[in-house]
Amino acid sequence: MQRRVNKCGNGVMEKARVTIWLGSVRQWHWISSALCLVGMLLFAVTGITLNHAGQIEASPQVRTLELNLPDALLEELRSGVASAGDEARLPASLRHWLGEQSVHTGGRLAEWSDDEIYLPLPRPGGDAWLAIDLASGELLYEDTDRGLISYLNDLHKGRNSGEAWRWFIDIFSVACLVFCITGLWLLLRHSASRPATWPVVGLGLLIPLLLAILFVHR
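Residues numbered from 1 in each chain as written. Predicted model: local features only at pLDDT ≥ 70, side-chain atom pairs only at ≥ 80, totals over all residues. Heavy atoms only, no water.

So, on to helix H5 (residues 162-190). With 29 residues, H5 extends 42 Å from end C-alpha to end C-alpha; this agrees with the ideal 42 Å at 1.5 Å per step. Those residues of H5 lying buried are Trp165, Ile169, Phe172, Ala175, Cys176, Thr182, Gly183 and Leu186. (Helix = DSSP H or I, 4+ residues; strand = E, 2+ residues; numbered from the N terminus. Expected span 1.5 Å × (residues − 1). Buried < 20%, exposed > 50% of the residue type's maximum accessible area, 1.4 Å probe, protein only.)

Dropping the structure here:
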């Protein structure tokens, strides 16, 4: 009798542990799915737009400025060339003056030489550059905006998107792994009552594998 009671008690405890574990997995699954929802939609849509990039027409908008630096700023730049080295930020006074011309450079490093300062300004969905001739004081600025779709495509690739976005992609990828692994565990738990589970999972593996072997050229 005592053995039966112990066996029954152990069975109840084991069932309780499985129930708690299952509840935890379900909780991680829905939390990770909620965190990934918007990001997965973004990456799914931009996966389509990237795959058909050649068929999606883009009309880049180009803005060009040709300006002459004030004498005081030009002298400041000339005197700062020796101390700037090969790369350095633009002086605060120049950044402020450029801001008044609707040219925003932030704290990016510019390439300094004896006769020119060149500042590349790449960003998602566009590109820009700034060049200053230290002999004449002439400033050339060009900004190219390739539109919203190009912006989203570059976010998908992490192109010129900055450190914060790279961290987001890494964290988002971890959340997707949690979502997939917990989903696989739930499939395993319910597969006995759903006979089509593993054939469908296998099909999800087999289709891309066959496409890669038969149709993707090396």
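There's plenty left to go through after this.
Moving on: the side chain of threonine 49. Residue position: threonine 49 is located in helix H1 (residues 2-51). A distance of 3.0 Å separates a polar side-chain atom of threonine 49 from the backbone oxygen of threonine 46. Beyond its immediate stretch of four places on either side in the chain, threonine 49 contacts Ile56, Ile149 and Asn153. (Polar contact = N/O pair within 3.5 Å; in protein donor to acceptor, adjacent residues only side chain to side chain. Contact = heavy atoms within 4.5 Å.)

Turning to helix H4 (residues 148-157), its buried residues are Ser150, Asn153, Asp154 and Leu155. Backbone geometry just downstream of H4 places glycine 158 in the positive-phi region, at approximately 70°.

Here we take up the sheet that holds strand S4 (residues 116-120). Taken in spatial order, the six strands make up an open sheet running S1-S6-S5-S4-S3-S2, and their pairing is antiparallel. Each edge of the open sheet is held by one strand with a lone partner, namely strand S1 (61-68) and strand S2 (87-89). The average undirected angle you get between the axes of adjacent strands in this sheet is 20°. Across seven bridges, strand S5 (residues 126-133) lies against strand S6 (residues 138-145) in antiparallel orientation. Looking at the pairing, alanine 128 lines up with aspartate 143 of S6. (Pairing = 2+ DSSP bridges. Axes fitted to C-alpha atoms, helices over the stretch in contact; angles between N-to-C directions.)

Moving on to the layout of surface pockets. Of the voids in this model, the largest pocket is the one considered here, and its volume is about 180 Å³. Along the walls of the largest pocket sit Thr49, Leu50, Ala53, Ile56, Glu57, Ala58, Pro60, Arg146, Ile149, Ser150, Asn153 and Lys157, which together make up its complete lining. Contributions of two or more residues to the lining of the largest pocket are made by H1 and H4. Residue contributions to the lining of the largest pocket peak at four residues, all from H4. For the lining of the largest pocket, a count of residues per class yields six nonpolar, three polar and three charged. (1 Å grid on protein atoms, 1.4 Å probe; cavity = no way out; pocket = protein on both sides within 12 Å on 5 of 7 lines; lining within 4 Å. Points joined across faces, edges and corners; volume = space filled by probe spheres on them. Nonpolar A, V, L, I, M, F, W, Y, C, P; charged D, E, K, R; others polar.)

Looking now at unusual backbone geometry. Unlike most non-glycine residues, serine 102 shows phi in positive territory, near 65°. In this structure, asparagine 160 is a non-glycine residue whose phi angle is positive, near 50°. Along the chain, the position of asparagine 160 falls in the loop between H4 and H5. Overall, the relative accessible area of 35% leaves asparagine 160 in the partly exposed class.

This brings us to the pattern of salt bridges. Overall, the coordinates contain five salt bridges when judged by the stated rule. Across the salt bridge formed by glutamate 75 and arginine 78, the nearest N and O atoms sit 2.9 Å from each other. Taken as a pair, glutamate 75 and arginine 78 lie in helix H2 (residues 71-84) at a separation of three residues, close to a single helical turn. Given the relative accessible area of 45%, glutamate 75 is considered partly exposed. (Salt bridge = Lys/Arg side-chain N within 4 Å of Asp/Glu carboxyl O.)

On their own, these measurements won't tell you what the molecule is for.
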